[in-house]
Amino acid sequence: MTAAFLLADHSAPPLRPGGPPAEVDLLNWLRNDAGWLPGLSLVATHGDQVVGHVVATRAHIGDAAALGLGPLSVHPDHQRTGVGNRLMRDLLLRAETAGETLVALLGDPTYCARFGFVPAQECRIEPPDPAWGDYFQVLPIGTGQHPTGRFAYAEPFDRL
């Protein structure tokens with residue numbers, strides 16, 4: 001499933017005054033990037049309304065492939081109903097089925113721990129910004145060995 005558009009949390013800061021939230025611009029940039037993985041862009045619907053979206057794009061740890069997860073958004077009227085949980089679990093299952101070895105994200109450690117994410121430093125992975133601390137988390141997946149070193153998101157993340 002590929003998103004037609006993203007219903008973002010409009011409390012997020014816009015990249016330019018009066019412009020869309022940063023996540024909307026990021027998603028548009030990601031769609032035009034070599035790191036875009038259409039099979040890892042999932043949409044949740046309720047009737048004919050899009051109520052959530054999650055995406056993972058190609059990232060790297062040194063020369064090794066990894067996934068960068070985000071943005072994840074759920075329409076405010078559907079938050080705390082399991083939509084985000086389902087999107088995350090479906091995306092992680094697809095990533096594992098595709099043979100990926102590691103997913104990283106920047107997010108709330110309390111929320112992300114329920115999916116098995118741990119602070120990146122526990123897996124010897126360095127965040128793009130050291131100030132992120134325990135908010136930069138990883139989930140090794142599959143049975144293979146995961147890479148270690150400095151993590152790099154797809155290039156559009158550098159524009160934020």
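Predicted model only: the values in this text are computed from it and were never measured. Each chain has its residues counted from 1, running along the sequence as written. With the structure being a predicted model, the display of local features is reserved for residues of pLDDT at least 70 and the display and counting of side-chain atom pairs for 80 or more, all residues being used for whole-chain, interface and lining totals. The side-chain values count all of the structure's non-hydrogen atoms but skip hydrogen atoms and water molecules.

Participant: What is the right way to look at the packing of aromatic side chains in this model?
Facilitator: To describe a pair of aromatic rings, one takes the distance between the centres and the angle between the planes. Whether two aromatic rings pair depends on their centres lying within 6.5 Å, for rings of Phe, Tyr and Trp, where Trp uses its six-membered ring; planes under 30 degrees apart make the pair stacked, over 60 edge-to-face, and the rest tilted. Scanning the model with the defined rule gives seven aromatic pairs in all. Consider the rings of Tyr-111 and Phe-115, whose centres lie 5.4 Å apart with planes at 65°: the pair is edge-to-face. Ring centres of Phe-136 and Tyr-153 lie 6.3 Å apart, and the angle between their planes is 75°; on these two criteria the pair is classed as edge-to-face. A residue pair is termed long-range when its members are at least 10 positions apart, and Phe-136 in strand β7 (residues 136-140) and Tyr-153 in the segment after β8 (149-152) qualify at 17 residues. The residues Phe-136 and Tyr-153 share a single accessibility class, namely buried. Through successive ring pairs, a cluster of aromatic residues spans Trp-132, Phe-136, Phe-151, Tyr-153 and Phe-157. Strands are runs of DSSP state E lasting at least 2 residues, helices are runs of H or I lasting at least 4, and numbering of each runs from the N terminus. Exposed residues in this analysis have more than 50% of their type's maximum accessible area, buried residues have under 20%, and partly exposed residues fall in between, with area computed by a 1.4 Å probe over protein chains only.

Participant: Sorry if this is basic, but what is going on with the pairing of strand β4 (residues 102-106) here?
Facilitator: On a regular strand, one side chain projects to one face of the sheet and the next to the other, so that they alternate. Where burial is concerned, most of β4 is hidden: four out of the five residues are buried. A crossover counts as right-handed when, viewed with the strands pointing away from the observer, the path leading from the first strand over the helix to the second turns clockwise. Note that the unit made of strand β3 (residues 64-74), helix α2 (residues 83-97) and β4 has a crossover that is right-handed. Strands pair, by our definition, only if DSSP identifies at least two bridges between them. Alignment of β4 against β7, held across five bridges, turns out to be antiparallel. Each bridged residue has a counterpart across the sheet, and for Ala-104 the counterpart in β7 is Val-138.

Participant: Would you mind going over unusual backbone geometry with me for this structure?
Facilitator: Note: most residues except glycine have negative phi, and most peptide bonds are trans. Of note, the amide linkage connecting Gly-70 to Pro-71 takes the cis form, showing an omega dihedral of 5°. Relative to the helices and strands, Pro-71 resides in strand β3. The phi angle at Arg-80 is positive, at roughly 65°, despite the residue not being glycine. One can find Arg-80 in the loop between β3 and α2. The backbone of Arg-124 sits at a positive phi, close to 60°, despite the residue not being glycine.

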